[in-house]
Amino acid sequence: MAATAFAQDTPDPAMVKKIREEGLNHSQVMDIAFHITDVSGPRLSGSPGLKRAQDWVVEKLKSWGMVNTKREDWGKFGKGWEVQKNYAAITVPYYHAIIAIPKAWTPGTGGLIQGDVMYIKADTVTDLDKYKGKIKGKIVIVDARPPAEINFTRPDAARYADTTLEQMAKATAGAPGRRGNFAGRRGNLAGLLALRTALTKFELEEGAALVLSQARGTDGTVFTTNGASYRDTAKAVCPELEVSAEDYQRILRLTKANIKVSMEADIKTEFFTKDLDGYDVVGEIPGTDSKLKAQLVMLGGHLDSWHGATGGTDNAAGAAVMIEAMRILKTIGVKPKRTIRIALWSGEEQGEYGSRNYVINHFADPKDMVLKPEHALVSAYYNLDNGTGKIRGVYLQGNAAAGPIFQSWLEPFKDLGANTVTIRNTGSTDHVPFDAVGIPGFQFIQDPMDYNSRTHHSNQDTYDKISEEDLKQAATIVASFVYNTSERADMIPRKELPKAGAPQGF
Ligand SMILES: [Zn+2]
């Protein structure tokens, strides 16, 4: 059996050569990434920046001869939002402009405001009572997080060590993936959450002019988060800035020492409520085999980002690789047996909404598992969304039968550092909704680089953090995987069909 599988799945050397030549020596991946990041700007779901990127991708795919290329409505998302002005500085005891980003979906200050910073010390909800009537027009700071731990020893960025990859390859079915166990922290979190909710309400009711919160991150890096919900029914909140740890701690030390700190700020944000729907971008290279062209090979990644930068590694890198893989296949004149469809998702950062709803609209809802006709036609979906790091192999997502196939597909790319196949799952991105309805969905193993330490969701996630060599390598390997999937006699083997309502592992 193994020998037969290997023979069938040995990639065509002439095609590997063509793909490598186009992908490694005539790449356009950095130009694609430039348009998604620098030219389009931040791409928070529902924002004009995301629309600019989507429109550019649609036109680009069309210009290369892709068909059925469009923005596809996946259903209701919520309000769009963008930052239009962002300025904040300490003015007393001396002038210093701070590094800070408005929290997503928070309002602006309504022009330039000036005020004193007020330190609120609250360990419990009742502690807030003593500040009643005292914070109107003030800039509020709390002591919620210990000062950031400066790391003097670990490098910011790293590639996987061979030993780590060997461990991944040796993992057995049922082995835990990368997801952490948060159960032990839950009790404490519930208390903190209740305090936070009460504080948010108190600040609004009492008329605070601006709220400062300390961002996760060091060295001026601000990892951004939501300050309010994107839902059209979201409750009102105060303007809120996520402040770099260094600036936040300076203001906090001064106010706690009873040294007066005054600030000025001018923040303008805009909400977009005309169209509350979310959209994915899709496009195809049509299949040519009379029997197989109705079947699909899908590839994709999310195009939306956070708003503090331009989402270079999360996920312009992955989206650019998938677009480039399509370009490579089209440019070398592939006439695939199966139809190749790219899908670039939105709403990933809020809960994989673009891909989840695409799967529900086209294939099946994991809640009832009533299968639509297209469910039977998708051979595989390949995803890329773990930063700029090159591909080191692939997660099988528990699909053991796909192992030998992918092992032989990686064979021609050993010299590029990709030959690990692991039975392990990886979560938190857009292949999971496919897997959740029994369609083979895979995310590649990527070198971590500085994704977790520096770029993922931060104000440092820019074009500059994208590694050209890594993206070229990834696009070449993805193009080859997609081609092999389109030409294979059989579809990629499937796992057992999940039962309705089964836990989805998001
Ligand atoms: Zn991402």
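Residues numbered from 1 in each chain as written. Predicted model: local features only at pLDDT ≥ 70, side-chain atom pairs only at ≥ 80, totals over all residues.

What follows deals with the confidence of the model for the protein chain. Across the protein chain, the average pLDDT comes to 94, with 95% of residues at 70 or higher. Low confidence marks residues 177-184, where pLDDT is under 50. Its contacts with residues over four positions away, or in another chain, come to six contacts. (pLDDT = per-residue confidence, 0-100. Contact = placed C-beta atoms within 7 Å.)

The subject of this paragraph is helix 7 (residues 245-256). With 12 residues, helix 7 ought to run about 16 Å at 1.5 Å a step, and its terminal C-alpha atoms sit 16 Å apart, in line with that. Those residues of helix 7 that are buried lie in contact with strand 2 (80-92), strand 4 (100-102), strand 5 (113-120), strand 6 (139-142), strand 7 (210-214) and strand 8 (240-243). Immediately beyond the C-terminal end of helix 7, within one or two residues, lies Asn258, with a positive phi of roughly 60 degrees. (Helix = DSSP H or I, 4+ residues; strand = E, 2+ residues; numbered from the N terminus. Expected span 1.5 Å × (residues − 1).)

Once that is clear, we can look at the nonpolar core. Formed by 88 residues in total, the largest nonpolar core has its most connected members in Ala320, Val321, Met322, Ala325, Leu329, Val478 and Val482. Here the element with the most residues in this core is helix 8 (residues 312-331); it accounts for 11 residues. The residues that make up this core include at least three from each of domain 1 (2-77 + 279-385 + 428-487) and domain 2 (80-152 + 178-272). Listed in part, the 30 residues of the second largest apolar core include Ala88, Tyr131, Leu210 and Ile251. (Core = buried A, V, L, I, M, F, W, Y, C linked by C-beta atoms within 7 Å. Buried ≥ 20, exposed ≤ 12 C-beta atoms within 10 Å, placed from the backbone. Domains from an automatic or database assignment.)

Glancing now at the pairing of strand 11 (residues 296-302). Burial runs high along strand 11: seven of the seven residues are buried. Residues of strand 11 alternate between two faces, with Leu296, Met298, Gly300 and His302 on one and Val297, Leu299 and Gly301 on the opposite face, all of them buried. Examined bridge by bridge, strand 11 and strand 12 (residues 339-345) share seven bridges and lie parallel to one another. The residue of strand 12 that forms the bridge with Met298 is Arg341. The parallel pair strand 11 and strand 12, bridged by helix 8, forms a crossover whose chirality is right-handed. The pairing of strand 11 with strand 13 (residues 378-383) spans five bridges and is parallel. Looking at strand 13, one finds that Gly300 is bridged to Asn383. (Pairing = 2+ DSSP bridges. Right-handed = clockwise from strand over helix to strand, strands pointing away.)

Interaxial distance between helix 2 (residues 13-25) and helix 14 (residues 468-487) falls to 9 Å at its minimum, and their mutual angle equals 150 degrees. Classified by the angle their axes make, helix 2 and helix 14 are roughly antiparallel. Once helix 2 is placed against helix 14, the crossing between them reads as right-handed. Contact with helix 2, carried on its side by Met15, Val16, Ile19, Arg20, Gly23 and Leu24, involves Lys472, Ala475, Thr476, Ala479, Ser480 and Tyr483 of helix 14 and no other residues of that element. Grouping the constituent residues of the contact of helix 2 with helix 14 by class yields seven nonpolar, three polar and two charged. (Axes fitted to C-alpha atoms, helices over the stretch in contact; angles between N-to-C directions. Parallel < 35°, antiparallel > 145°, perpendicular 65-115°, else oblique. Left-handed = near helix turned anticlockwise from the far one by under 90°. Nonpolar A, V, L, I, M, F, W, Y, C, P; charged D, E, K, R; others polar.)

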